[in-house]
Every structure is written in structure tokens, then in C-alpha cells.
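Working through the structure, step by step
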Amino acid sequence: MGLSVDLIDDISEGIKGPKNLITDVDGVEVGQITIDQDDFHSGVTAILPHPGNVFKRKVPAASYVINGFGKSVGLIQIDELGTIETPIVLTNTFGVGTAINALTKYMLKQNPEIGDTTSTVNPIVAECNNGNISNIRAMKITESDVSSALNAAKDTLEEGAVGGGRGMVCYGLKGGIGSSSRIVKVDDDHTYTLGALVMTNYGFLDNFIVNGIPIGKSLAEMLVSDKQKEEKGSIITVLATDAPLNSRQLKRLAKRATVGINRTGGYIGNGSGEIVFAFSTSNLVSHFTEQNFDTVSRFNDNHIDLFFRAVAASIDEAILSSMVHAKTVIDRKGQLRYGLVDAAKQLVQQQPRYTAMIAQLFQQLGVKR
């Protein structure tokens, strides 16, 4: 999915994958479950790096903390060993503990050796605080919910206010799950895919821009009650590629997530949490091996800018896609939380002088009026 049109200022070559999703990277699957119970609006999104046993066949990986106001789990071992050995689970802040237990049990079921004849396992869980929309104190995420998301994994996914992104707010509007991908052609013989998935829950509406259109300032005039005083949001980003990049190179990719976040108006505040995971499905690392040496092919850093550009573009589009696909919801206090499309339409109804601006915005986002 992503956006149905090309980004006007796409910093990459702009060639999208067939589905324009992170699952364009062969083998990557995503499962989600959405929960709406009374004033609790949350869910789980699970990213599986490949369809095999991830503990036995680990993916080269890296993590990067842009700003560390967050409660993510598993980053230390990723940075130390340069691999990911479980699916990646995204949920709300108070669902992290439950997600750890569920993900650990999921891996124990697949691998009876874990904690017995071999090492323990490093579960990867990341979160955003959805307390503005959902009654986060209810703590209604269950281990069964996490298992359901893991077992629902497939090669396509829904975007918007779904899964772990159900209760998220982005630039004062409805945020959620967004995804996009880019094809990276290195030469006539080598073409790779890079995909991004984001869970968006950050930003000031005043700062929100789309392809240079300062739509946020206009919307902020209308939605005066949504003005924030401090940046306390978060965005979790997952990058996947089939290119032969090692953990050091993947960390370099992860750092470029900042570019994609900034292009829509994010500035990464004191109380925000921007966490990035990046992995490659090439050069898998065997857990059980008697070999002392591995021989692998590695991409040359002299040409890695192609991937840096793809990272920035795919994240830029994934953020916008999370907002375009996020429908208006009623929050825990019974108030409307506008999706971007509904907010823009409301702006035109209240102030017709913005009609041309909104028409241009919808054209650039591929929104049908």
C-alpha cells in the first residue's frame, strides 16, 4: 500500500516495490491484531524477519536510539552481537512485559533447546505510549493477543489505526502503522529491496508539512484544543532489506531514519522516543554450527548512499501513509481524534479559503475526494 502516488520530493530513485510495503523484502511477514474494548484502544503488530526458525537462523541486524525516552527491550544484545533472533513485536508501553512473555513462549515452543542445552533468547519488543486515546492503565493486552499477531503473519498488511498503532497520535492527528518500500538498483546485475514499517506517535501539528505544504499550521488553527506544549511522542521504525549488509552497515542505515522523520516536520524532542531496528535477510547466522569461520559477501560502503536515500524516502512515505490510512476515532474521553483526511475536509468546510490547498494536498497524497 503506502501512498498510491509517488512522492513529489522523493529523495531516492523513487521506484516502489510491488506492494509498497516492508513485506516486499522476500520472506518478511507482518501480523497484527487490533483491540477495542470500551475505552481501551490498542493492539499488537509483529514483524517476522523470515518464515523459518529465526533463533536457529538469525538475521544480521542493528538498532539505533535517536532519542531514548522509551521502554524497548532487546537492544543491548542486538548491538553487542549484531543479530536479531526473534520476531519484532510493537505494542503500547504497558503491554511490553506481556509481549516479552508471549514472545519468549513462542520461541520456546519452536526451540526446546532454549534455556536447556543452549542459551536463552533475546526477545525484541518496542512501544509507544497511546495514553491520549486509550486507557493505557487498563493493561488489556494479553499473551494470547501477542500470539495471535505472531500467528497471523503474512506477506501483506493493513495500515493506519490498526495493530500496535491503534491508539497512536501523529502530529496531533490520528497516527498508526505505515509502510513503504524502495527498489535499489546497484547495477545491471544487482537489484535489492528496502522496506520500512513505522508506528507513528509523535510531532506537533504546527510543524506538520507535506511536500512543502504547511498544512499543519492551518489545521492547528481549527483544532486549537489539540495544541501541545511539549514533545512527548515516539516513533518506532523497522527497516528490512535483502541486501548483503552487515550489522555495522545496518546501523548506518538506521541512523538515516532521522532524515525521513524530519522531512514531515519532526524535530525529535526531549521527551520523545525514536527507536530504529534494521535487519538483512541475507547472510543468515546459524545458531548451531561447528564452523570456526564464515565467508560472506558484503556490500561496498562506497555505494551505500543508494540505500541511505531509500531509507529516507521509504520512511517519509511510511509516515504519511500511516496518517492517510488512519481513520478518525473516538478517544477514551469520548472526543473525536481526527484522521488527516477527515481533518482536511473539515478545514475546507469551516474555512473555504483553504480549498485549493487541500485539493493540492490530496493530489500529492493520492487521496480521492
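So, the overall build of the protein
Each helix and strand counted, the protein has 9 helices and 15 strands in total. A compact globule built from 369 residues should have a C-alpha radius of gyration of about 21 Å, and the protein, at 20 Å, falls within 12% of that. With the C-alpha coordinates aligned to their principal axes, the bounding extent of the protein is approximately 70 × 50 × 35 Å. Across the protein, contacts joining residues at least 24 apart in sequence account for 78% of those joining residues at least 6 apart. With the model as given, the accessible surface of the protein reaches about 15,400 Å², and the carbon-plus-sulfur share is 47%. Between the mean site of the 35 positive side-chain charges and the mean site of the 39 negative ones, the protein shows a separation of 6 Å.

Structural notes on unusual backbone geometry
Despite not being glycine, methionine 139 has its phi angle at roughly 50 degrees, a positive value. Within the secondary structure layout, methionine 139 lies in the loop between β6 (124-128) and α3 (143-151). Residue methionine 139 is classed as exposed on the basis of its relative accessible area of 51%. Phi is positive for asparagine 283, close to 60 degrees, though the residue is something other than glycine. Of note, asparagine 283 is situated in the loop between β12 (273-280) and β13 (285-286). The exposure class of asparagine 283 is partly exposed, given its relative accessible area of 27%.

Here we look at the environment of leucine 223
By secondary structure assignment, the location of leucine 223 is in the loop between α4 (215-222) and β11 (234-241). As a C-alpha pair, leucine 223 and leucine 205 span 18 residues in sequence and 9.1 Å in three-dimensional space. Those residues within four positions of leucine 223 in sequence are excluded, and the remaining contacts are Leu173, Leu205, Tyr338 and Ala343.

Some thoughts on the pattern of salt bridges
A side chain of one charge can pair with a side chain of the opposite charge when the charged atoms of the two come close. In total, this model carries 17 salt bridges according to the counting rule given. A salt bridge links aspartate 301 to arginine 248; its shortest N-O distance comes to 2.8 Å. Of the two residues, aspartate 301 is situated in the loop between β13 and α7 (305-324) and arginine 248 in helix α5 (residues 247-255); the sequence distance between them amounts to 53 residues. Overall, arginine 248 belongs to the partly exposed group, its relative accessible area being 40%. In the salt-bridge network here, residues are joined through shared partners; they are Asp10, Lys16, Arg182 and Glu317.

Calculation notes
- Residues numbered from 1 in each chain as written.
- Predicted model: local features only at pLDDT ≥ 70, side-chain atom pairs only at ≥ 80, totals over all residues.
- Heavy atoms only, no water.
- Helix = DSSP H or I, 4+ residues; strand = E, 2+ residues; numbered from the N terminus.
- Rg over C-alpha atoms; globule rule 2.2 N^0.38 Å.
- Contact = heavy atoms within 4.5 Å.
- Areas by Shrake-Rupley, 256 points an atom, 1.4 Å probe, with all protein chains shown as cover.
- Lys, Arg positive; Asp, Glu negative; His and termini not counted.
- Charge placed at Lys NZ, Arg CZ, Asp CG, Glu CD.
- Buried < 20%, exposed > 50% of the residue type's maximum accessible area, 1.4 Å probe, protein only.
- Salt bridge = Lys/Arg side-chain N within 4 Å of Asp/Glu carboxyl O.

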